[in-house]
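Here are the chains, one letter per residue:
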Amino acid sequence: MTGMDRPRRLRRTPALRRLVAETTLEPRHLVLPMFVADGLDEPREIGSMPGVQQHSMDSLRKAAVEAVTAGVGGLMLFGVPRPEDKDAVGSLASDPEGILNRGLRALSEEVGDATVVMADTCLDEFTDHGHCGVLSPDGAVDNDATLDRYVAMALAQAEAGADLLGTSGMMDGQVGAIRDALDEAGRIDTGILAYAAKYASAFYGPFREAVSSSLQGDRRTYQQDSANRREAIRELELDLAEGADIVMVKPAMSYLDILRDVADRSTVPVAAYQISGEYSMITAAAANGWIDRRGAILESLMGIRRAGADIVLTYWAAEVAHWLA
């Protein structure tokens, strides 16, 4: 046994394991996605995402303060309009009185500079067809017409107080179009969190309920194919060239290889989104007693961090921040 390598020496006690840990998980690494719905007086539970709610304006403010007090790094807001207010071009997305822009103003007023307020800069919640862009007469998503809508949406969100705009639509040229418009409008300090590699995924299912989606069909003509890896780097390089301040990989848990590739090449901070289906999968297994809930949550987040994410968007952000305090 003389001379045998003994890595277990450094695993012997919690103090030793803490001392040599290669990856850390802190509240500042976590961003809480939040949903604010028009017409609600009380928060409404999302059935497929136990523990997550569509907020009223009052409950949004309260939950935001609680999350920020716990130390989360940021808040990502999604707006849920009433079905009758949706239209073909998502008009409410750029309306200063639309639900998302009102929610952004509320967050900005409530938490100010104590956290980073982020906006979902995409049309899918606001269109009556549920796609992330404007449709052409043949029913396809018109990339360039959609960019015009994204620009209008981005300017409204910046005016409402968003620090970062989450360009999640996967339209070609979206980051550059928004950056140019922001700069021209004097909004040079508003940043862009570019969804550089966003894949079409079955794990988005519960999110459809969360935003009351009207989607018919799928988004495979603009979101990436799960079979493709090199394509993510092409998308990354385009977004960096167009002025992205942060880049994101979505989903996280099924795309850790993509996350590692992006982290190895990115010159800006890298985020990853632990999406609704990933949340619900762990939640359901834990509710059935099949796995340890807290252990699985922490392990999943540590895995995302270990793969290269500087920032993790997760619906457990506030709860985990309390655990880590």
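Higher on the page you've got the structure.
Before going into details, it helps to say that this report is about the structure given with it. Bear in mind the structure is a predicted one, so any value in this text is a computation, not a measurement. (Residues numbered from 1 in each chain as written. Predicted model: local features only at pLDDT ≥ 70, side-chain atom pairs only at ≥ 80, totals over all residues. Heavy atoms only, no water.)

### Observations regarding the nonpolar core
One broad rule of soluble globular proteins: the nonpolar side chains tend to lie buried together. The biggest cluster of nonpolar side chains holds 100 residues, and the ones touching the most others in it are Phe35 and Leu75. Apart from residues no more than four positions distant in its own chain, Leu75 is found in contact with Val31, Leu32, Met34, Ala64, Ala67, Val68, Leu107, Thr115, Val116, Val117 and Met118. (Core = buried A, V, L, I, M, F, W, Y, C linked by side-chain atoms within 4.5 Å. Buried < 20%, exposed > 50% of the residue type's maximum accessible area, 1.4 Å probe, protein only. Contact = heavy atoms within 4.5 Å.)

### Some thoughts on the pattern of salt bridges
In this structure the tally under the stated criterion is 14 salt bridges. In this structure, Glu110 engages Arg61 in a salt bridge whose closest nitrogen and oxygen atoms are separated by 2.7 Å. Of this pair, Glu110 sits in helix α3 (residues 99–111) while Arg61 sits in helix α2 (residues 57–70); the two residues are 49 residues apart in sequence, bridging distant segments of the chain. With a closest N to O distance of 3.0 Å, Arg260 and Asp264 form a salt bridge. In this pair, Arg260 and Asp264 both sit in helix α8 (residues 256–265), four residues apart, roughly one turn of the helix. By relative accessible area, Asp264 is classed as exposed at 52%. Each of Asp38, Arg82, Asp85 and Arg102 takes part in a single network of salt bridges with overlapping partners. (Salt bridge = Lys/Arg side-chain N within 4 Å of Asp/Glu carboxyl O. Helix = DSSP H or I, 4+ residues; strand = E, 2+ residues; numbered from the N terminus.)

### What about the environment of Ser254?
Relative to the helices and strands, Ser254 resides in the loop between β8 (246–250) and α8. Ser254 sits 15 residues away from Pro269 along the chain, and the two C-alpha atoms are 20 Å apart. If sequence neighbours within four positions are ignored, Ser254 has contacts with Phe203 and Glu278.

### What about the side chain of Thr121?
Mapped onto the secondary structure, Thr121 falls in the loop between β5 (116–120) and α4 (143–160). When near neighbours in sequence (up to four residues on either side) are disregarded, Thr121 contacts Tyr150, Met153, Ala154, Gln157, Leu165, Gly166, Thr167, Ser168 and Ile178.

### Considerations on unusual backbone geometry
In this model, Lys250 is joined to Pro251 through a cis peptide bond whose omega is -5°. With respect to the secondary-structure elements, Pro251 resides in the loop between β8 and α8. A positive phi angle, near 60°, is found at Met170, a position not held by glycine. Residue position: Met170 is located in the loop between β6 (164–167) and α5 (174–184).

### Focus: the packing of α2 against α3
It is at 10 Å that the axes of α2 and α3 come closest, and there the two elements cross at 45°. Compared by their axis directions, α2 and α3 come out oblique. Every pair of crossing elements has a handedness; the one defined by α2 and α3 is right-handed. Between α2 and α3, the residues in contact are Met57, Leu60, Arg61, Ala64, Val65 and Val68 and Ile99, Arg102, Gly103, Ala106, Leu107, Glu109, Glu110 and Val111, respectively. Here the contact of α2 with α3 is composed, by residue class, of nine nonpolar, one polar and four charged. (Axes fitted to C-alpha atoms, helices over the stretch in contact; angles between N-to-C directions. Parallel < 35°, antiparallel > 145°, perpendicular 65-115°, else oblique. Left-handed = near helix turned anticlockwise from the far one by under 90°. Nonpolar A, V, L, I, M, F, W, Y, C, P; charged D, E, K, R; others polar.)

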